[in-house]
Amino acid sequence: MAGVELENGKTVQELVEDGRNEPPNNYIWESDNFGIIDASVPFGDIPVIDISLLNNSSSSEVLDKLRSALSSWGCFQAVNHGIENSLLEEVRGVSKEFFQLPMTEKQKYARKTGQCDGYGNDMILFQNQTLDWNDRLYLLVSPEDDRKLEYWPQNPQSFRRILNEYSAKIQQVEEHLLKFMARSLCLEEDCFSRKFGKRRLIEARFNYYPLCPRPDLALGFKPHGDGSAITFLLQDKEVEGLQVLKDDQWFHVPIIPCALFVIVGDQMEITTNGIFKSPVHTALTNSNKARHTMAVFSTPEPGKVIEPLGELISDKRPRLYKAITDYMDTYFDFIQQAKRPIDAVKI
Ligand code: OGA
Ligand code: NI
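Residues numbered from 1 in each chain as written. Chains lettered and ligands numbered in written order. Predicted model: local features only at pLDDT ≥ 70, side-chain atom pairs only at ≥ 80, totals over all residues. Heavy atoms only, no water.

Engineer: Looking at this structure, how should I read helix H8 (residues 328-335)?
Structural biologist: Along an α-helix, a turn takes 3.6 residues, which lines up residues three or four apart on a common side. The complete set of buried residues in H8 reads Tyr 331, Asp 333 and Ile 335. Elements that come into contact with the buried residues of H8 comprise strand S6 (219-224) and helix H7 (266-271). (Buried < 20%, exposed > 50% of the residue type's maximum accessible area, 1.4 Å probe, protein only. Helix = DSSP H or I, 4+ residues; strand = E, 2+ residues; numbered from the N terminus. Contact = heavy atoms within 4.5 Å.)

Spelled out as C-alpha cells, the structure:
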C-alpha cells in the first residue's frame, strides 16, 4: 500500500533554532539490522576512477576497474569528469546561500504535503517513523517540460543558471558512463540508455544537515540504497559524514573535493541482474559543522519495464529479480520504515 503523507512537519533548521539540546524522540535512531550509529568506522578504500580514460580507444584495464568497482563497492569517486571545479564551487555556493536565507524566503518554495519537489524536511509517512536530520530542496530537472519552476529559487539570483549548467554537464557524464558501464559488461553501449528511456528523470536534491546536538542519537540520512539507476553526489568539501556498507561493514567515504561520488541505484542493480550493486549508505550528523551535499539522480522513465537484461541471465547466473515498473511509487514506503524496496523484487 502506498503511504500517504500524514503532515508536513517542522524543518530541522527550525528545531535547531528552538535551541533544543536533544533531538526530538522521532529523530532518535534505534539500531536495527543495519547496525548502530558509529562514527569510528574506518575509511573505505573506495576506487578512484579517471573517467576521461573511458573512451573509444580505452584499454580493457580501465573498463575492468569500472566493472570491478561497481560490482564490489557499487560506488566510486569519478575524477576528470570534465566539470570545471569553478562550477562545482558555484553549486556548493548557491546551495549554502539558499539554506542560509530567512525561513520566510525559503518557505516560498515549500514542498506541498505528499509531493517531492520543493523545500522541506523528511516526508512523514508513518507515525512510528524515524526522521532524518536533514532539510532538502528537491527539483526535477529533466524532462525540461515537466519542471515545476515555481519551486526553483530565484534567490540566490544565480541559482537557476547554475543548476541548469551543472545538470546539463551531469547529463553528459551520465550518458558517457552508461555507455561504458554497458561496455564493461560486454553489452551494446546504448542498452542502458534505451532501457531507461529518453525521458528518464534527472532530479536534483540539495541536502542540508544542520548542526546536531547529539550526533550519536540522530542520523542525517537513514541507511538506504538509492532508488535511481545511477546517482552523482557532490560531497561537502570539508565536512565528512557519508558512510557506505560493503560486505556487512560500514566505511567512511573520504572527501575528494573535485570528485563526483557515483553510486549505483537499485534499478541498475535489477537491470544488471545483481552484477552491479546498489550499496546501502547513510549520512551521520555533526555537532560543530553543518554539512551540505547535492545529489543528482537519474531514474528510468515512468512506465518503463525494468528487469534483468537477458544477456546477463544464464544457468550460472539465474535471474534474481522480477520485472517492475514505476519503482519509485512505493520506494519511500520501504525507506521510511528502514526496509529495502529491492528485497521485495527478489525472486
Ligand atoms: C542521497 C544521499 C548522502 C549525503 O541524497 O541519496 O545518500 O551524504 N545523500 O548527502
Ligand atoms: Ni542516497
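Engineer: Would you mind showing me how to read the site of ligand 1 here?
Structural biologist: Residues in contact with ligand 1, as listed here, are Asn 207, Tyr 209, Phe 221, His 224, Asp 226, Leu 233, Leu 242, His 281, Arg 291, Thr 293, Ala 295 and Phe 297. The separation between an oxygen atom of ligand 1 and a polar side-chain atom of His 224 is 3.1 Å. In isolation ligand 1 has 290 Å² of accessible area, and contact with the protein removes 99% of it. Ranked by residue count, the leading element in the shell around ligand 1 is strand S12 (residues 291-299), at 4 residues. Across the shell around ligand 1, the residue classes break down as 6 nonpolar, 4 polar and 2 charged. (Near = heavy atom within 4 Å. Polar contact = N/O pair within 3.5 Å; in protein donor to acceptor, adjacent residues only side chain to side chain. Areas by Shrake-Rupley, 256 points an atom, 1.4 Å probe, with all protein chains shown as cover. Nonpolar A, V, L, I, M, F, W, Y, C, P; charged D, E, K, R; others polar.)

Engineer: Which parts of the structure should I look at to understand the packing of helix H3 (residues 85-100) against helix H5 (residues 159-184)?
Structural biologist: Between two packed helices, what matters for the description is the angle formed by their axes and the separation of those axes. Interaxial distance between H3 and H5 falls to 10 Å at its minimum, and their mutual angle equals 135 degrees. Classified by the interaxial angle, the pair formed by H3 and H5 is oblique. Two packed elements cross with a definite hand, and for H3 against H5 that hand is left-handed. Contacts from Leu 87, Leu 88, Glu 90, Val 91 and Val 94 of H3 reach H5 at Phe 159, Arg 161, Ile 162, Glu 165, Tyr 166 and Lys 169. (Axes fitted to C-alpha atoms, helices over the stretch in contact; angles between N-to-C directions. Parallel < 35°, antiparallel > 145°, perpendicular 65-115°, else oblique. Left-handed = near helix turned anticlockwise from the far one by under 90°.)

Engineer: Looking at this structure, I do not really get unusual backbone geometry. What am I missing?
Structural biologist: Leaving glycine out, the prevailing phi sign among residues is negative, and the prevailing peptide bond configuration is trans. The omega torsion across Ser 142 and Pro 143 is 5 degrees, close enough to zero to call that bond cis. Of note, Pro 143 is situated in the loop between strand S4 (135-142) and H5. The amide bond that connects Asn 155 to the next residue, Pro 156, takes the cis arrangement and shows omega of 0 degrees. Its place among the elements puts Pro 156 in the loop between S4 and H5. Despite not being glycine, Cys 186 shows a phi value in the positive range, around 60 degrees. Locating Cys 186 in the fold gives a position in the loop between H5 and helix H6 (191-196).

Engineer: Mind showing me how you'd approach the coordination of the nickel ion (ligand 2) here?
Structural biologist: When four donors bind a metal tetrahedrally, each ideal donor-metal-donor angle is 109.5 degrees, and when six bind octahedrally, the ideal angles are 90 or 180 degrees. Bound to the nickel ion (ligand 2) on the protein side are His 224 (NE2), Asp 226 (OD) and His 281 (NE2), at distances that span 2.1 Å. Mapped onto the polypeptide sequence, the residues donating to the nickel ion (ligand 2) form the spacing pattern H-x1-D-x54-H. One exposure class covers both His 224 and Asp 226, and it is buried. (Donors = N, O, S within 2.8 Å, 3.2 Å for Na, K, Ca; no water.)

Engineer: I keep staring at the nonpolar core and nothing clicks. Help me out?
Structural biologist: The nonpolar side chains of soluble globular proteins are, as a tendency, buried together. Phe 76, Tyr 166, Leu 177, Phe 192 and Phe 206 are the most contacted members of the largest nonpolar core, which totals 69 residues. Examining the composition of this core, we find that 11 residues originate from one element, H5, more than from any other. Ignoring anything within four residues of it in the chain, the contact list for Phe 192 reads Leu 178, Met 181, Ala 182, Leu 185, Leu 187, Met 268, Thr 271, Thr 272 and Leu 309. Residues Leu 242, Val 244, Ala 295 and Phe 297 belong to the second largest nonpolar core, which totals 13 residues. (Core = buried A, V, L, I, M, F, W, Y, C linked by side-chain atoms within 4.5 Å.)

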